[in-house]
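One-letter residues, chain by chain:
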Amino acid sequence: MLPGPKTLSCLYFVPGAEIRFGVDCTQLADAFERHDRAFDRICFNFPHCGRKAGVARNRELLAKFFQSCADVLAEEGEVHVALCRGQGGTPADNPTREWHNSWQVVAMAALGGFILSDVHPFSCEAVPGYKCTGYRSQDKSFHVEGALNHIFTRSLPFKGSQPRIFRIKLGDQWFSFPEPEALVGKLNRGFLEASSCHPIKTINEKLISELGRAFPLKRLKCSFPLLPPEATSVLTSWNCDILSTVFWIHLLEDNSNSESLTGGTTEDMEDFLVSLSELSFPKSPGRDGKEKAHEGIYAQAKIWLRPSLLVHVQTVIQAPDFLPGSLYILSGPVFQKCHILPLTMPAFHETLFILGINKNPKDDCLQSLLNHLKGILDSLLTQTLLEGSKLSNSVEFVFQPNGKDYMINVKSHNFGPDCAKDLSIGSVTTSVPSIIHEEQCFVFVSMNLDLLAMLVWGISDWRMLWTFDKRFLKNFVPEKIEPFKSYSLYPPIYVHDISFWLDEKKGFDELEFHTVARAVSQDTVISIQFLSRFQHPKTKQVSLCYRLTYQTCDKALTQQQVASMQSQFRKEIQQLHLTPR
């Protein structure tokens, strides 16, 4: 291959390999027959447009190269790109150039659907027979000190947000509903099922197994997280503000078969809703004047996704076979609207431990449970600390102002030695205001399994737990806990500002604003920052300005895709009675 602005100029020889000259790196498909377009590895060492080309032209070269690679690379193939010190624009460069002055290699790769999966120092010695030439079109080598080899792999396609359609059976009638747009890809994932090898299941099983050594266990089956409207009364006894965070679902009567539904993947939920049809839904008059459940009324029915497993407490402890001294366990997904912050999540898996104890030895039983729980968590959280590290993760139960409850807090160094975090991973509640038992009191321990898994394996982004990329689960070896290694490094960040006028009569619901951003961006908005407030001097109308930061954790995301999302967001916020400026 001859060196030039658009040719692969760096070559090493492999015995028996076919050598081609003048291959245009931006049109690789043209150089090979269709049956030859499945390369396991494509290497481009020190690409350059030639002479004094600026960063913009070299970015364009990289972008076209990556787009061309997508046509000829095997599904699990790699693209290796070696760049001189600082050119790539990633934190791996030392020193790191300012983003606008770099080649932005990760962003250019995203245009071809690639993510950066590894980066390491470039070594000429690692490639037998390699010779680096072409410095400013002269026959002398580049300065390769500090050069890096960037290894890219294919990303899962970034599909448009298209909620799946679920079908449920209540009595003899089928109903359907689309999953909420802010929860696309998070319903019915089965992370806790028997066949799952997901880290959330692993951490849950370890918790339960260790507690089983100290307490007799009773594992309860957790139904699919749909609840009728009247169940809100149970929830508000725990937290009167939680209703504002609930995802409501509208059921639609569905007389078609599942194959005829359109608009997304259809999933039958009959197996997950055994208990739902037995709950006390409102009844409506039938044609004969008698009340009938599961007919007609559901054409406009509203149900909701549970925001906490605590909604099931009353059913558990009032069951005839409930035994004091046994530890009852419920595990399942829960869903809450929340602000977009690094460690807040709209969907996560919760484990709830319920212990009934006699009043007199209450303090001893409670302390025993807390001691065992602390020991288990301390052990789990130290397994992935770097060998020889003097840092440690610590668990503490923080007594709450009400004088009876605790928060389970962790000071963790698993996200790096320079970023210790104080995180709340659960709570301990010792009473229920709406339930009175003369001879017993109860302890309820709620744990956020997603946060715990992140801490144990050092997973820095909660969204990674929900990825559909099969490479994620390959990180986890049965019966062994090792630090998580991401297959998507240094994803590019895109920033957009938005300002809008408020409707004085409707006000501004910031939680809904965040929820719409989450839905439109498909969870790619990682931060929403308030910038300023302006009041028009004449009309007195108020305007707010926010900054949205976009970044993925597992897929290739381009500036064009982000611009489209931002444009859609401007349209969607009008449903919140906001007028974009």
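What you are looking at is a predicted structure, and each value in this text was computed from that prediction instead of being measured.

Caption draft 1: Layout of the sheet that holds strand β21 (residues 494–502). An order of β22-β23-β21-β24 is seen for the four strands of this open sheet, with the pairing classed as antiparallel. The sheet terminates laterally at β22 (525–535) and β24 (578–580), the two strands that pair on one side only. With strand direction ignored, the average angle separating the axes of adjacent strands in the sheet is 30°. Lying over the sheet, helix α8 (residues 510–521) contacts β21, β22, β23 (542–550) and β24, oriented at roughly 135° with respect to β22.

Caption draft 2: Layout of the pairing of β21. The element β21 is largely enclosed, with a buried count of seven among its nine residues. As defined by bridge partners, β21 adjoins β23 across eight bridges and the pair is classed as antiparallel. The residue of β23 that forms the bridge with H496 is L548. Across three bridges, the pairing between β21 and β24 is antiparallel. The partner of W501 across the bridge, within β24, is T579.

Caption draft 3: Seen up close, the packing of helix α3 (residues 199–211) against helix α7 (residues 449–457). Their axes nearest at 9 Å, the elements α3 and α7 cross at an angle of 95°. By the criterion of interaxial angle, the relationship of α3 to α7 is roughly perpendicular. Where α3 abuts α7, its residues P199, I200, T202, I203, N204 and L207 lie against L449, D450, L452, A453, V456 and W457. Grouping the constituent residues of the contact of α3 with α7 by class yields nine nonpolar, two polar and one charged.

Caption draft 4: Structural view of the packing of aromatic side chains. Considering all chains together, one arrives at 26 aromatic pairs under this definition. Their ring planes at 65° and their centres at 4.9 Å tell us that F66 and F152 sit as a pair that is edge-to-face. Within this pair, whereas F66 is found in helix α1 (residues 55–69), its partner F152 is found in strand β4 (residues 148–154), the two being separated by 86 residues in sequence. Summarising the burial analysis for this pair, F66 and F152 share the class buried. Between F399 and Y406 the ring centres are 5.0 Å apart and the planes differ by 45°, which places this aromatic pair in the tilted class. For F399, a relative accessible area of 48% translates into the label partly exposed. Ring-pair connections join several aromatic residues into one group, and the members of that group are F500, F508, F513, F530, Y546 and F569. The ring of W174 has R167 lying over it, and the distance from NZ or CZ to the ring centre is 4.4 Å. The ring of F247 has K337 lying over it, and the distance from NZ or CZ to the ring centre is 5.8 Å.

Caption draft 5: A look at the nonpolar core. I408 and M447 are the most contacted members of the largest nonpolar core, which has 87 residues in total. Of the domains in this structure, domain 2 (165–257 + 264–275 + 299–475) and domain 3 (493–580) are the two that each give at least three residues to this core. Membership of the second largest hydrophobic core comes to 52 residues, among which are V72, L502, V516 and A517.

Conventions and cut-offs
- Residues numbered from 1 in each chain as written.
- Predicted model: local features only at pLDDT ≥ 70, side-chain atom pairs only at ≥ 80, totals over all residues.
- Heavy atoms only, no water.
- Pairing = 2+ DSSP bridges.
- Helix = DSSP H or I, 4+ residues; strand = E, 2+ residues; numbered from the N terminus.
- Axes fitted to C-alpha atoms, helices over the stretch in contact; angles between N-to-C directions.
- Contact = heavy atoms within 4.5 Å.
- Buried < 20%, exposed > 50% of the residue type's maximum accessible area, 1.4 Å probe, protein only.
- Parallel < 35°, antiparallel > 145°, perpendicular 65-115°, else oblique.
- Nonpolar A, V, L, I, M, F, W, Y, C, P; charged D, E, K, R; others polar.
- Phe/Tyr/Trp six-rings, centres within 6.5 Å; stacked < 30°, edge-to-face > 60°.
- Lys NZ or Arg CZ within 6 Å of the ring centre and 35° of its normal.
- Core = buried A, V, L, I, M, F, W, Y, C linked by side-chain atoms within 4.5 Å.
- Domains from an automatic or database assignment.

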